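Observations on chain architecture
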Number of protein chains: 2
Amino acid sequence: MALIVHKYGGTSLGTPEKIKNIAKKLKGLKEKGNQLVVIVSAMGHTTDELIDLMNKVSANPDNREYDMLISTGEQVSASLLAMALIDLGCSAVSLTGGQAGVVTEDIYKKARIKHIHLDRLKNELKAGKVVVITGFQGIDSKGDIITIGRGGSDTSAVAVAAALQADVCDIYTDVDGVYTTDPRIVSDARKIKYISYEEMLELASLGAQVLHPRSIECASIYNMVIHLRSSTKDITGTYIMSPQQIAKEVGKMEKQEAVRGIALDENIAKVGVLKIADKPGIAAKLFGALAAEKINVDMIVQSVHSAGSLADMAFTVERTELRKAVQVAEKVGKELKSEAVISDSDVCKVSLVGIGMVSQPGTAAKMFEVLSQEKINIQMIATSEIKISCVIKKEQGKKAVQILHKAFGLEKVS
Amino acid sequence: MALIVHKYGGTSLGTPEKIKNIAKKLKGLKEKGNQLVVIVSAMGHTTDELIDLMNKVSANPDNREYDMLISTGEQVSASLLAMALIDLGCSAVSLTGGQAGVVTEDIYKKARIKHIHLDRLKNELKAGKVVVITGFQGIDSKGDIITIGRGGSDTSAVAVAAALQADVCDIYTDVDGVYTTDPRIVSDARKIKYISYEEMLELASLGAQVLHPRSIECASIYNMVIHLRSSTKDITGTYIMSPQQIAKEVGKMEKQEAVRGIALDENIAKVGVLKIADKPGIAAKLFGALAAEKINVDMIVQSVHSAGSLADMAFTVERTELRKAVQVAEKVGKELKSEAVISDSDVCKVSLVGIGMVSQPGTAAKMFEVLSQEKINIQMIATSEIKISCVIKKEQGKKAVQILHKAFGLEKVS
């Protein structure tokens, strides 16, 4: 007997038939004596349909009302799954985020979870019920419904699993694990059996959209093992865990491949603020203004012109935020007497990720070499201890991933 | 400046365009300095779609989960209307039943409202906001979402209006008032300007489905004037109020027409438990068993056979409950040694309603006479002080309404 936490994504819950199949599977697990908590996303395209409806009603939807509206999607799937379970003779109850005790910050649309009051959840489990919880949401101190950012159901699942001290959090999705890169781009991409939180975090942030980055962050804080797996095929997926846990599983302490995965993010845009006086405080001014508008900046590159006193500042943002970012950049650019503000959405970001990189020098040099051989021009570079990212022309993105996957021998990883 | 309570039904909120139009109208009222509370139903066919989805997932949906599921419909329309208002620069906030302080009994699917905690509602009004409340729902003592029965948004609106001591509760719908009978059946049916709670209650219970009966009951308790009116045409509808208020408005204390309206209910079925021993307690036994199964029984007729010791018991129920009702009747019938249980869903109920009836004898006799002239056979009769109902063959229902409307001169009512 164990306490099991499952999370099902929207595609997995896309039709009444799929919901009934999940209910059957859960019933089987319940009958083996397990305690079950299930976190659900909204069915299929429900969220998109609600957003569509919203855009027809309002040009600039209010954040509080957005949360009120969007949260209904998960409530529908949670109640349907609970019904399907009860219909099979399996005692169950659905709980909204608020009913499940998920308390968030007082920020609409992208709050963080503050804590989870487990009283009701534990009582329902004690009463022998499968507890189905709406993912992606909680309540704030006023009792208002708060969502925690798109894809946040993963985070809800990990947070609930951590609060309940479950052994593992099973996240069921429409892919069967994490691959060395997108298999639609590279046909011999391999499934990775164990990956560390940090690597997964980078891959997730970089466009491998199988898991919400915050869920991985949360899992790493609580050392919660995530098993990312297929909702249709009953096979092992990818375990996301600490390097220590991986070493224990794999049975070797060293010789990790330098590069573990390659990610392509086509959803970015580049902004450049050109020729500004290079004096202390210019970066703070620009990025402070962007932060004040809640624009998430990803890569930042500052280059100093040979003249010495003038600098270019370039950064990337999500494509949807480009217009707002340019407005801010132009305003600040004017104050800083910038010569021009340029923007380009015809770009993408290719990234190599791997904990081993830090101990194997030359990975970056090899990446640049491989790209240059294919005449792919690098516009921006950013590095961290476990990743190297290059911004290149959008149309060259897929090609870059393919040649890098081959150059680093990722098709041979087992 | 006044405190205005509006309620909009699902058809009135059926499309984003309609929602935006309502928002415009509300903004105009707000700018005149009024305080506004708006109760909304689910958009168009949302509830039916959710029920459809539910039936695909579960053969026998759990009541708690039903409420959890169905309540999302109102949450969607409330947040959309609030967004549309904010978009027009009109400060607004949507509240779920629970957030609005609507506390119900601990009964799923058909709870009654116990009380309304006005704190948040009043605070939002004080902050200058239009408050949009999800109709049809509240929370129970456990914090679970509870719906108050289909069509319950009318009741929500009246309860909120009463709690806030508003002067009038405007219920906007897709008809422009209450008519002497269904205009689709009788082309010269007239709109009634003032109607008493009791008359309206009878008409609503009898199939004139413009207003939820419980909302009228609630309005009568608190003497809340309901103005039932069109959401598309800006014309006066029907005022539902006490006879005292009507007398004041109309300026005459007597000479009310005996019959004010005629209703046709085609959604009934008849059950007969034949030849049971006529001794004390048989009715209690039968109808106690039906009540235990939560089957609403409408008309009841007990007839004693000439033999003296045997009785027939006939009653009507909503058509959807016929199967369950027959099961109960057969079980009890067996215990009571009934000769047979019969059922018939090929029936309808025609009713005359009017407060004046009680003081004008002969109305019933005239009704029976008119029907017999057209060779319409009466199967069951039930009378109260302000109504007379006859169960007849279903196919004769519309014809019966037409000839009665003419016979009682209702086309001449102004």
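Preceding block: the structure.
Residues numbered from 1 in each chain as written. Chains lettered and ligands numbered in written order. Predicted model: local features only at pLDDT ≥ 70, side-chain atom pairs only at ≥ 80, totals over all residues.

**Topic: the sheet that holds strand E20 (residues 347-353) of chain A**
All names here are of chain A.
- Pairing in this open sheet of 4 strands is antiparallel, and the strands run E15-E20-E22-E21 from one edge to the other. Looking along the sheet, the strands with just one partner apiece sit at the ends: strand E15 (261-265) and strand E21 (380-384). Averaged over all pairs of adjacent strands, the angle between their axes in this sheet comes to 15 degrees, without regard to strand direction.
- Note that E21 and strand E22 (residues 387-393) share 5 bridges and pair antiparallel. Across the sheet, methionine 380 pairs through a bridge with valine 391, a residue of E22.
- Here helix H12 (residues 363-373) sits on the sheet and contacts E20, E21 and E22; the angle it forms with E22, its principal contact strand, is near 20 degrees. (Pairing = 2+ DSSP bridges. Helix = DSSP H or I, 4+ residues; strand = E, 2+ residues; numbered from the N terminus. Axes fitted to C-alpha atoms, helices over the stretch in contact; angles between N-to-C directions. Contact = placed C-beta atoms within 7 Å.)

**Looking at the interface of chain B and chain A**
- Every contact between the two is made by 31 residues of chain B and, on the other side, 31 residues of chain A.
- Those elements giving two or more residues to the side of chain B that touches chain A turn out to be helix H1 (16-31), helix H2 (46-57), helix H3 (63-70), helix H4 (72-87) and strand E3 (92-95) of chain B.
- No other element matches H4(B), which puts 10 residues into the side of chain B that touches chain A.
- Split into classes, the residues belonging to the side of chain B that touches chain A amount to 17 nonpolar, 8 polar and 6 charged. (Nonpolar A, V, L, I, M, F, W, Y, C, P; charged D, E, K, R; others polar.)

**Considerations on the packing of H1(B) against H4(B)**
Residues and elements named next belong to chain B.
- Direction vectors running N to C along H1 and H4 enclose 55 degrees, while the axes themselves pass 9 Å from each other. One element, H1, and the other, H4, form an angle in the oblique class. Regarding H1 and H4, the two cross each other, and that crossing is right-handed. For the pair H1 and H4, contact is made by Ile19, Lys20, Ile22, Ala23, Leu26 and Lys27 and by Leu80, Leu81, Ala84 and Leu85, respectively. (Parallel < 35°, antiparallel > 145°, perpendicular 65-115°, else oblique. Left-handed = near helix turned anticlockwise from the far one by under 90°.)

**Here's the deal with the sheet that holds strand E6 (residues 130-134) of chain B**
Residues and elements named next belong to chain B.
- Pairing is mixed across the open sheet formed by 8 strands, whose spatial order is E3-E6-E2-E1-E9-E13-E14-E12. Each end of this open sheet is capped by a strand with a single partner; those strands are E3 and strand E12 (194-196). Across the sheet, the axes of successive neighbouring strands diverge by a mean angle of 20 degrees, strand direction being ignored.
- Strand direction decides the pairing type here: strand E1 (residues 3-8) and strand E2 (residues 35-40), joined by 6 bridges, are parallel. For valine 5, the partnering residue across the bridge sits in E2 and is valine 37.
- On top of the sheet, helix H9 (residues 243-250) reaches E12, strand E13 (225-230) and strand E14 (238-241); it is set at about 155 degrees to E12, its chief contact.

**With respect to the environment of Glu266(A)**
All names here are of chain A.
- Take glutamate 266: it is sitting in the loop between E15 and strand E16 (268-277).
- The spacing of glutamate 266 and valine 391 is 125 residues in sequence and 9.9 Å in space, taken between C-alpha atoms.
- With residues up to four places along the chain from it excluded, the contact list for glutamate 266 reads Cys348, Lys394 and Gly397.

**Description of unusual backbone geometry**
- With a phi close to 75 degrees, Phe136(A) is a non-glycine residue in the positive phi region.
- Of note, Phe136(A) is situated in the loop between strand E6 (130-134) and strand E7 (137-139).
- Classification of Phe136(A) by C-beta neighbours within 10 Å gives buried; the count is 29.
- Even without being a glycine, Lys337(B) presents a positive backbone phi close to 60 degrees.
- Within the fold, Lys337(B) resides in the loop between helix H11 (322-335) and strand E19 (340-344). (Buried ≥ 20, exposed ≤ 12 C-beta atoms within 10 Å, placed from the backbone.)

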